[in-house]
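# Summary of structural features
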Amino acid sequence: MKTSQLTAKVLTGFLKFKAGRPKPLFASYNVTGRCNMRCVFCEWWKNDIPELPTKKALAAIDAVCRLGVPFFDLSGGEPLLRKDLIVLAKRVASHGCLVSMNTNGTLLNESRVSEVADIFDTVVVSLDGPKEIHDRIRGVAGTYDKAVEAIRLLKAHGVRVAVNSVATPWNIDILPQFIEELRSLVDFAQVQPMHPYPPSPENTPSNEQVSRLLDYLLKLKRSDPSFLAVPTEFIKGFEQFFKGKAPRICHAGELYIAINPEGKLLACPARSDLVLGDAVSGSVDDALKKRDSEGWHKVSSCRGCWLECTVGVSMFLKNPLKEASQLVGLWSSRKN
Ligand SMILES: C[S@@+](CC[C@H](N)C(=O)[O-])C[C@H]1O[C@@H](n2cnc3c(N)ncnc32)[C@H](O)[C@@H]1O
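All figures in this text were calculated on a predicted structure; none of them were measured in a lab.

It is worth spelling out the overall build of the protein chain at this point. Assigned secondary structure in the protein chain consists of 14 helices and nine strands. On C-alpha atoms alone, the protein chain measures out to a radius of gyration of 19 Å, which is about the 20 Å that the 2.2 N^0.38 rule sets for 336 residues. Counting only C-alpha atoms and orienting by the principal axes, one finds that the protein chain spans roughly 45 × 45 × 40 Å. When contacts within the protein chain are restricted to residue pairs at least 6 apart in sequence, those whose partners lie at least 24 apart make up 75%.

Taken together, 18 residues lie around the ligand, and Phe41, Ser126, Arg138, Asn164 and His195 are the ones closest in. A distance of 2.9 Å separates an oxygen atom of the ligand from a polar side-chain atom of Arg138. His195 places a main-chain nitrogen or oxygen 2.9 Å from a nitrogen atom of the ligand. Relative to its unbound accessible surface of 540 Å², the ligand loses 89% to contact with the protein. Among the secondary structure elements, those contributing two or more residues to the shell around the ligand are strand S3 (98-103), strand S5 (160-167) and strand S6 (188-193). Of the residues belonging to the shell around the ligand, the class tally is six nonpolar, ten polar and two charged.

Turning next to the side chain of Lys221. Mapped onto the secondary structure, Lys221 falls in helix H8 (residues 207-223). The class for Lys221 is buried, based on a relative accessible area of 14%. Within the local environment of Lys221, its side chain forms a polar contact with the backbone oxygen of Val230, the two atoms lying 3.1 Å apart. Residues contacting Lys221, with those up to four places away along its chain left out, are Leu228, Val230, Pro231, Thr232 and Ile235.

As a rule of thumb, soluble globular proteins bury nonpolar side chains together. By size, the foremost hydrophobic cluster in this structure holds 106 residues, and its most contacted members are Phe72 and Phe120. Look past the residues within four positions of Phe72 in its chain and what remains in contact with it is Ala27, Tyr29, Ile61, Val64, Cys65, Val92, Cys97, Leu98, Val99, Ser100 and Ile259. Grouped together as the second largest cluster of nonpolar side chains are seven residues, Met37, Cys39, Phe41 and Ile133 included.

All right, on to the pattern of salt bridges then. All chains considered together, the criterion is met by 20 salt bridges. Residue Arg82 is joined to Asp84 by a salt bridge in which the shortest nitrogen-to-oxygen separation is 2.7 Å. With relative accessibility at 3%, the residue Arg82 sits in the buried group. Residue class for Asp84 comes out buried when judged on its relative accessible area of 12%. We note a salt bridge from Arg183 to Glu180, for which the minimum N-O separation is 3.0 Å. For Glu180, a relative accessible area of 38% gives the class partly exposed. In the salt-bridge network here, residues are joined through shared partners; they are Lys155, Arg160 and Asp187.

This part covers helix H12 (residues 294-301). Those residues of H12 that sit buried are Gly295, Trp296 and Val299. The buried residues of H12 occupy an angular sector of 100 degrees when projected down its axis, which confines them to one face. Turned more than 90 degrees away from the buried face of H12 sit Glu294, Ser300 and Ser301, all of them exposed. Summarising the contacts, the buried residues of H12 are in contact with strand S9 (275-278) and helix H11 (284-289).

Further remarks concern the sheet that holds strand S1 (residues 26-30). Within a beta sheet, neighbouring strands are joined by backbone hydrogen bonds and run either parallel or antiparallel to one another. Read across the sheet, nine strands follow the order S6-S5-S4-S3-S2-S1-S7-S8-S9 without closing on themselves; strand pairing throughout is mixed. A single partner strand is all that each edge strand has here, and the edge strands are S6 and S9. Averaged over all pairs of adjacent strands, the angle between their axes in this sheet comes to 25 degrees, without regard to strand direction. Here S1 runs beside strand S2 (residues 71-75); their pairing, made up of five bridges, is parallel. Considered in S2, the bridge of Phe26 is made with Phe71.

Definitions and limits used
- Residues numbered from 1 in each chain as written.
- Predicted model: local features only at pLDDT ≥ 70, side-chain atom pairs only at ≥ 80, totals over all residues.
- Heavy atoms only, no water.
- Helix = DSSP H or I, 4+ residues; strand = E, 2+ residues; numbered from the N terminus.
- Rg over C-alpha atoms; globule rule 2.2 N^0.38 Å.
- Contact = heavy atoms within 4.5 Å.
- Near = heavy atom within 4 Å.
- Polar contact = N/O pair within 3.5 Å; in protein donor to acceptor, adjacent residues only side chain to side chain.
- Areas by Shrake-Rupley, 256 points an atom, 1.4 Å probe, with all protein chains shown as cover.
- Nonpolar A, V, L, I, M, F, W, Y, C, P; charged D, E, K, R; others polar.
- Buried < 20%, exposed > 50% of the residue type's maximum accessible area, 1.4 Å probe, protein only.
- Core = buried A, V, L, I, M, F, W, Y, C linked by side-chain atoms within 4.5 Å.
- Salt bridge = Lys/Arg side-chain N within 4 Å of Asp/Glu carboxyl O.
- Arc of directions from axis to C-beta.
- Pairing = 2+ DSSP bridges.
- Axes fitted to C-alpha atoms, helices over the stretch in contact; angles between N-to-C directions.

Given below as structure tokens:
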């Protein structure tokens, strides 16, 4: 897609947001609930959620893309477990969306990388620390090596590659050094605190540990702003998040929406119970406008979160004109 077309889409979204008529800027489709990892902080692999067959998955993509969403992410579960992933990604791209994927990287090999590289603008690979820590968090030995190999293959094929790291009590001390090492490996990095929110005591690092991480991240953000692809205010908020005092910043169903593996339209990617409607058979427009559904009531009573795909997106909107071109530049690799 043309960068100018994408920028226009983002700016239209910004202007509508300013005019009090927000429309989604970011959509996340969890194409499958299946996963080959056993991450300590993740629920996906514990549940058995049915997924849509290709035809219905394409219908869900069409319905959401017609809203004019500029950024569309395919995630899961592990999206590379779906054999038709490329077909789905191509459909997203045909709507003029920037198409990205979140993956653990373990299923990406020489034979699969070309087709992935041909269609995805950006691939975000999960890496939570050096080998031993990453493999322990992911619950499967050998995961780190495969993820790093996936990054190498993607880069060799010209894809923009990012890393997403989750800050937990088990990796927080090593994260500064680890992220420093990533700078020569990937195009940009995202860091977000481990959810759910508010965190339980066993999921909460000490105040000193959080401060040390923030000192490093804020320095990095000042010296290399486009490498650390989360807003400064987002980083500062980690402190309140881990104290259970994060402000509620929420534009669920307005600036971001999600589709679950079954094709339900969710208000946001953070909570699977915020069902607003059905992306395959229902009217997505109506689901977003009619605020009397149970899903919308749950949105109002949500205590909030601190994820880059929700709060991070909301924060980017604080400075729309500056952020539009930065956002597009950061996420789009080529295809102009
Ligand atoms: C749910 S995974 C799905 C995509 C893919 N399987 C992967 O591992 O990247 C998407 C991202 O969410 C992160 N994630 C999972 N559980 C989380 C949690 N409890 N808190 C914060 N991030 C989490 C993962 O580390 C990953 O970067």
